[in-house]
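Notes for the structure review
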Amino acid sequence: MEEAQGIPVIDLSPVTSTNPSSPSAIEALVKEIGSACKEWGFFQVTNHGVPLSVKQNLEEASKEFFGQSLEEKKKVSRDETSASGYYESEHTKNVRDWKEVFDFLAKEPTVFPLNSDEHDHRIIHWTNKNPQYPPHFRDILREYIKEMEKLGYKLLELIALSLGLEAKRFEEFFREQTSFVRLNYYPRCPCPHLALGVGPHKDSGALTILAQDDVGGLQVKRKTQDQEWIQVQPIPHAYIINLADIIQVWSNGAYESVEHRVTVNSEKERFSIPYFMFPAHDTEVKPLEELINEHNPPKYRPYNSGKFLLKRFETNFQKHKEENLQIHHFKIA
Ligand SMILES: O=C(O)CCC(=O)C(=O)O
Ligand SMILES: [Fe+2]
């Protein structure tokens, strides 16, 4: 396992190459993934099978989209009818981020609860916002999502095996997935020491697959005692994988979702593309039965995936007195 200034870099060729790999090569890979999940919760992957052209097409389209006037971009603003679209004022834990965003749902329509009220079972169908410019934006996004799904399922299999679970254990949760791809644009910032692109946070889905450009700025909080912020070095055409909250709960805390943030830059703008894997909205997120027993009782109370996310969205847009909803609120003391 190489180290790129900290987080491990893992070669996925045993599960992506066209020649069948030996069982021992796959076993070694599963071990490597397991250690990276335990020690860091963050790693980079190479030889992941995603064609370079598919990523480059989306990177170019993203630049063209954000290069438009604010007025044009606001024509596809996110609103209450769907989580898809453009916005420029996200708050992470009550602090405004120095970035602009465009979100696009993996599944269309995406079925979601109408509101965050636990007793209200009405649902809504979310559809995507489709900008006129750049041309073929939608097709480029769809092609990218297809690749993210393939890679995502491979990673979930490796993670399941590393926990001693059946390879396809996680798959059922994603049939009616609520995953989405996000285009992030971090403009140049005149006072980079006074702002953050994204404040410290943990991702609330199951798994995040992130493409970053060559500028750098993503930092991960090291899990050792010093809790230092470690820069995630850009590696051309690698993807950054991070475990998110739901895997922490499914694994009953064996793996943890790790805090990260994005610093900004006075000289260079930066682009990144996370793909957030989320299960179906009605998934009851709880520690998996195979991983609990009388010596290792469940550490989390079950929660509803869709309602949790809606509550989180509500708190991301305005200043609130309290901390927004976090999985530790479901921790069994
Ligand atoms: O831009 C990045 O490198 C990471 C962004 C991120 O953490 C997020 O959007 O959740
Ligand atoms: Fe994140």
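Residues numbered from 1 in each chain as written. Chains lettered and ligands numbered in written order. Predicted model: local features only at pLDDT ≥ 70, side-chain atom pairs only at ≥ 80, totals over all residues. Heavy atoms only, no water.

As annotated in an unreviewed UniProt entry, the chain carries the name Fe2OG dioxygenase domain-containing protein and is attributed to Stylosanthes scabra. As its UniProt record puts it under Sequence similarities (unreviewed entry), the chain is described as follows: "Belongs to the iron/ascorbate-dependent oxidoreductase family." (UniProt positions renumbered as here; feature names shortened; annotations may be inferred.)

**Some details on the coordination of the iron ion (ligand 2)**
Protein-derived coordination of the iron ion (ligand 2) comes from H201 (NE2), D203 (OD) and H260 (NE2), at a distance range of 2.1 to 2.2 Å. Between the donor residues of the iron ion (ligand 2), the gaps in sequence give the motif H-x1-D-x56-H. In this pair, D203 is assigned in the loop between strand 11 (198-201) and strand 12 (207-212) and H260 in strand 16 (residues 260-262), connecting sequence segments 57 residues apart. The buried category is assigned to D203, whose relative accessible area is 7%. Overall, the relative accessible area of 6% leaves H260 in the buried class. (Donors = N, O, S within 2.8 Å, 3.2 Å for Na, K, Ca; no water. Helix = DSSP H or I, 4+ residues; strand = E, 2+ residues; numbered from the N terminus. Buried < 20%, exposed > 50% of the residue type's maximum accessible area, 1.4 Å probe, protein only.)

**A look at the UniProt feature "domain: Fe2OG dioxygenase" (unreviewed entry) in the chain**
As annotated by UniProt and renumbered to match this structure, "domain: Fe2OG dioxygenase" (unreviewed entry) occupies residues 177-279. Secondary structure across residues 177-279 comprises 6% helix and 39% strand; the distance between its end C-alpha atoms is 5 Å.

**Considerations on the site of ligand 1**
Every residue lining ligand 1 is accounted for by N184, Y186, H201, D203, L210, L218, H260, V262, R270, S272, P274 and F276. Here R270 contributes a side-chain N or O atom positioned 2.8 Å from an oxygen atom of ligand 1. Contact with the protein chains removes 96% of the 300 Å² of surface that ligand 1 exposes when unbound. Secondary structure elements with two or more residues in the shell around ligand 1: strand 10 (180-186), strand 16 and strand 17 (270-277). It is strand 17 that contributes the most residues to the shell around ligand 1, 4 residues altogether. Residue composition of the shell around ligand 1, grouped by class: 6 nonpolar, 4 polar and 2 charged. (Near = heavy atom within 4 Å. Polar contact = N/O pair within 3.5 Å; in protein donor to acceptor, adjacent residues only side chain to side chain. Areas by Shrake-Rupley, 256 points an atom, 1.4 Å probe, with all protein chains shown as cover. Nonpolar A, V, L, I, M, F, W, Y, C, P; charged D, E, K, R; others polar.)

**Description of the layout of surface pockets**
Rolled over the atoms, a probe sized like a water molecule indicates the empty space that remains. Taken as a whole, the second largest pocket spans an internal volume of roughly 170 Å³. What lines the second largest pocket is simply K202, K221, R222, K223, Q227, Q248, E256, S257, V258 and E259. Residues that form the lining of the second largest pocket fall into these classes: 1 nonpolar, 3 polar and 6 charged. (1 Å grid on protein atoms, 1.4 Å probe; cavity = no way out; pocket = protein on both sides within 12 Å on 5 of 7 lines; lining within 4 Å. Points joined across faces, edges and corners; volume = space filled by probe spheres on them.)

**Examining the nonpolar core**
Counting residues in hydrophobic clusters, the biggest one holds 65 residues, and the most contacted among them are F102, I159, F170, Y239 and W250. At 12 residues, the largest contribution of residues to this core is made by helix 5 (residues 137-162). What Y239 contacts, discounting residues up to four positions off in sequence, is F43, Q44, V45, H48, V50, K55, Y144, M148, L151, I209, L210 and A211. (Core = buried A, V, L, I, M, F, W, Y, C linked by side-chain atoms within 4.5 Å. Contact = heavy atoms within 4.5 Å.)

**Some details on the sheet that holds strand 13 (residues 218-221)**
The strand order across the open sheet formed by 4 strands is 11-16-13-14, and the pairing between neighbours is antiparallel. Each of the sheet's edge strands pairs with one partner strand only, and the pair in question is strand 11 and strand 14 (229-231). Between one strand axis and the next, the sheet turns by 20° as a mean value, whatever way the strands run. Relative to strand 16, strand 11 is paired through 2 bridges, and the arrangement is antiparallel. Its bridge partner lying in strand 16, V198 is registered against V262. (Pairing = 2+ DSSP bridges. Axes fitted to C-alpha atoms, helices over the stretch in contact; angles between N-to-C directions.)

**Concerning the environment of A36**
Here A36 shows up in helix 2 (residues 23-39). Given a relative accessible area of 1%, A36 falls into the buried group. Each C-alpha atom of the pair A36 and D213 lies 23 Å from the other, and the pair is 177 residues apart in sequence.

**Quick look at helix 3 (residues 52-66)**
Relative to the 21 Å expected for 15 residues at 1.5 Å per residue, helix 3 spans 21 Å between its end C-alpha atoms, a close match to the ideal helical length. Those residues of helix 3 lying buried are V54, K55, L58, A61, S62, F65 and F66. The buried side chains of helix 3 occupy one side of the element, clustering within an arc of 130° when seen end-on. (Expected span 1.5 Å × (residues − 1). Arc of directions from axis to C-beta.)

**Some remarks on the environment of P302**
Note that P302 resides in the loop between strand 18 (284-285) and strand 19 (303-304). For the pair formed by P302 and V285, sequence separation is 17 residues and the distance between their alpha carbons is 5.3 Å. Filtering out sequence-adjacent residues up to four positions away, P302 remains in contact with E284, V285, K286 and F330.

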